[in-house]
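Letter by letter, the chains look like this.
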Amino acid sequence: MNTEIFLKMENIHKRFGSVVASAGATLEVAENEIHALLGENGAGKSVLMNILCGVLAPNEGSIVFKGAPLKLGSPREAIQHRIGMVHQHFMLVHNLTVAENYMLGQGSPLRLIRDRSELCDRIRALSDRYGLDVQPDALLEDLSVGQQQRVEILKVLFQGIDVLILDEPTAVLTHQETDRLLLLLRDLVADGKTVIFISHKLDEVMRVSDRVSIMRDGRVVRTVKTAETSPRELARLMVGRDVLMELPREPVECGQVVLSVTGLSCNNELERPAVRDVSFEVRQKEIVGIAGVSGNGQSELALALAGLLPAKSGSIKLNNKEVTGMCSTAVRRLPLAHIPEDRHKMGIVLSLSLAENVILHRYTDPPFATRGLLRFGAIAAHTRELMRQFQVKASHEDVAIRNLSGGNQQKLVVARELARNPDLLLINQLTRGIDIGAIEFVMQEVLRQKVAGRAILLISTELEELLAVCDRIFVMFGGRLVGELPPDRGRLEELGLLMAGNTAEAARLAAATG
Ligand SMILES: Nc1ncnc2c1ncn2[C@@H]1O[C@H](COP(=O)(O)OP(=O)(O)OP(=O)(O)O)[C@@H](O)[C@H]1O
């Protein structure tokens, strides 16, 4: 019997100043398995994996790989040992082609790969082997997020790895792209590779992994076989209590119209039509959802409503007042809060502290400023209160927000925007990157905001999120609103057909089921 340890990280400690990210984590991964890593935001998953791929050096602890001690000084050394990682934020250069990206960091590309066409042939061959559909001459900036991810995965495979680590790979993928990725992970394992992936999505973990390790407070607290566990047990192991999968909702009477959108059309950044003749209303005490596969105009709709993308035609009214054409600074003064889809591009400034990010749009408002002077005490107290309520894990309100885990950054953005007490809450992807316990809390908060009288527009690619809180759900396809449904699980099939643009079949199904 071969008793050689394949991969073991033992008693790993990692500190950043006073912050303990790894507190003696021990993780054992078997050869040729898909091993999922779960845990609350800030539990230390990314840090542990960054140690395994040579990005971070541990303060203490050891790694054994294929029976021998492994000491890594850089990601390049990890690749030499056949361990590679695909990070949450891709490390690709957008204005280069796929092949050019693959040449980067390979030393002298001309010497390594003398013939460019040979490189392209090798990329094509590997892409065909795994059905990845990666074209070596494609420009990165022309590719969808899902395609870019396949380029990134292929790049790591191209370097000849045995262990592939993925950090929340499905967070930004459509459902179809997710299905495709999960199949790919299985193919890789069939081909002799070992996969470790970080996820917050329990259904995916249950579908694809062989074993699951759960991290809490910088340690691995349990490793279980997927076939012997359940989503409920995993949630409990992660959060330390039962998580409500269904939220209690009381019926509430809607009030006046807060947001009224009529015949709105706008182009995307490339000046192509993205939102086409969209009309809808959102009332006080109402949560209206917009479902759809990403890339169907939802992002542009959110940007137009936030004053960040000009309308080509149509009108947007807030509290019966025309706001179409207002600049983003003027829109920001309106009673409107915005949780953007991409927190790094729009929600936060990574180099600023938590406190500075909290007052980003309000630094001239009382109580944060009086007579042009910032009131640091009031700012710090407000930030600490938000951190307490939303359990944002950070050592201090003065640390740069870039040092927070992804989920904790998102929680701070959600906390900041909800605290503005707006008339309209515009949310695009509420729960992206946050753990299941925090999702429950954030969704309950949104429901509380509704009962308190807010009008809420919730754009999401997560149907479960929409079904849990919305009063009505519109489906967006090809820039248009193609249907409106109640949040009824019995009509999931119809919802799916509309999301795929199959309106005729959806209408037939609706008629057949009465
Ligand atoms: N460069 C850094 N400087 C200071 N603290 C850091 C740094 N990187 C990570 N941390 C801290 O280490 C802890 C663990 O972070 P990590 O990113 O591993 O969490 P995670 O489990 O991946 O969370 P999430 O699910 O939110 O992505 C967090 O408290 C985070 O703030």
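What counts and what doesn't
Residues numbered from 1 in each chain as written. Predicted model: local features only at pLDDT ≥ 70, side-chain atom pairs only at ≥ 80, totals over all residues. Helix = DSSP H or I, 4+ residues; strand = E, 2+ residues; numbered from the N terminus. Expected span 1.5 Å × (residues − 1). Buried ≥ 20, exposed ≤ 12 C-beta atoms within 10 Å, placed from the backbone. Contact = placed C-beta atoms within 7 Å. Pairing = 2+ DSSP bridges. Axes fitted to C-alpha atoms, helices over the stretch in contact; angles between N-to-C directions. Near = placed C-beta within 6 Å. Nonpolar A, V, L, I, M, F, W, Y, C, P; charged D, E, K, R; others polar. Domains from an automatic or database assignment. pLDDT = per-residue confidence, 0-100. UniProt positions renumbered as here; feature names shortened; annotations may be inferred. Parallel < 35°, antiparallel > 145°, perpendicular 65-115°, else oblique. Left-handed = near helix turned anticlockwise from the far one by under 90°.

An unreviewed UniProt entry annotates the chain as ABC transporter ATP-binding protein originating from Acidiphilium iwatense.

### A short note on helix α16 (residues 436-451)
Along its 16 residues, α16 runs 23 Å from first to last C-alpha, staying within 8% of the 22 Å computed at 1.5 Å per residue. Within the span of α16, buried status applies to Ala-438, Glu-440, Val-442, Val-446 and Lys-450. Of the surrounding secondary structure, the elements contacted by the buried residues of α16 are β13 (286-291), α15 (406-418), β20 (455-460) and α17 (463-469). The first or second residue beyond α16 is Gly-453, which carries a positive phi of 115°.

### Side note on the sheet that holds strand β4 (residues 60-65)
Sheets are built from strands paired through backbone hydrogen bonds, the pairs being either parallel or antiparallel. What the 4 strands build is an open sheet, ordered β2-β1-β4-β5; its pairing is antiparallel. What marks the edges here is a single partner per strand, and that holds for β2 (19-29) and β5 (68-69). Sheet topology note: the β4/β5 ladder contains 2 bridges and is antiparallel. When the sheet's bridge partners are listed, Phe-65 is paired in β5 with Ala-68. Packing against the sheet, helix α1 (residues 45-52) makes contact with β1 (7-16), β2 and β4, and its axis sits at approximately 115° to β1.

### So, the site of the ligand
Around the ligand, 20 residues are found, and the nearest of them are Phe-16, Ala-21, Asn-41, Ser-405 and Gly-407. Of all elements in the fold, only β2, α1 and α15 reach the threshold of two or more residues within the shell around the ligand. Class assignment for the residues of the shell around the ligand results in 7 nonpolar, 10 polar and 3 charged. Shared between two domains, the shell around the ligand holds at least three residues of each, these being domain 1 (7-239) and domain 3 (347-421).

### Comments concerning the confidence of the model for the chain
If pLDDT is low for a region, its predicted coordinates should not be looked at in detail. When pLDDT is averaged across the chain, the result is 88; 97% of the residues are at 70 or more. Predicted complex, confidence summary: ipTM 0.98, pTM 0.85.

### Section: the UniProt feature "domain: ABC transporter" (unreviewed entry) in the chain
Feature annotation in UniProt places "domain: ABC transporter" (unreviewed entry) on residues 7-242 and 259-503, given in this structure's numbering. End C-alpha atoms of residues 259-503 are separated by 26 Å, and the span's content is 33% helix alongside 27% strand.

### Description of the packing of helix α18 (residues 492-499) against helix α19 (residues 503-512)
Running from N to C, α18 and α19 point in directions that differ by 165°, and their axes come no closer than 8 Å. With respect to α19, the axis of α18 lies roughly antiparallel. Where α18 crosses over α19, the handedness of that crossing is left-handed. On the side of α18, the interface is formed by Glu-493, Glu-494, Leu-497 and Leu-498, while α19 contributes Thr-503, Glu-505, Ala-506, Leu-509 and Ala-510. A per-class count over the contact of α18 with α19 returns 5 nonpolar, 1 polar and 3 charged.

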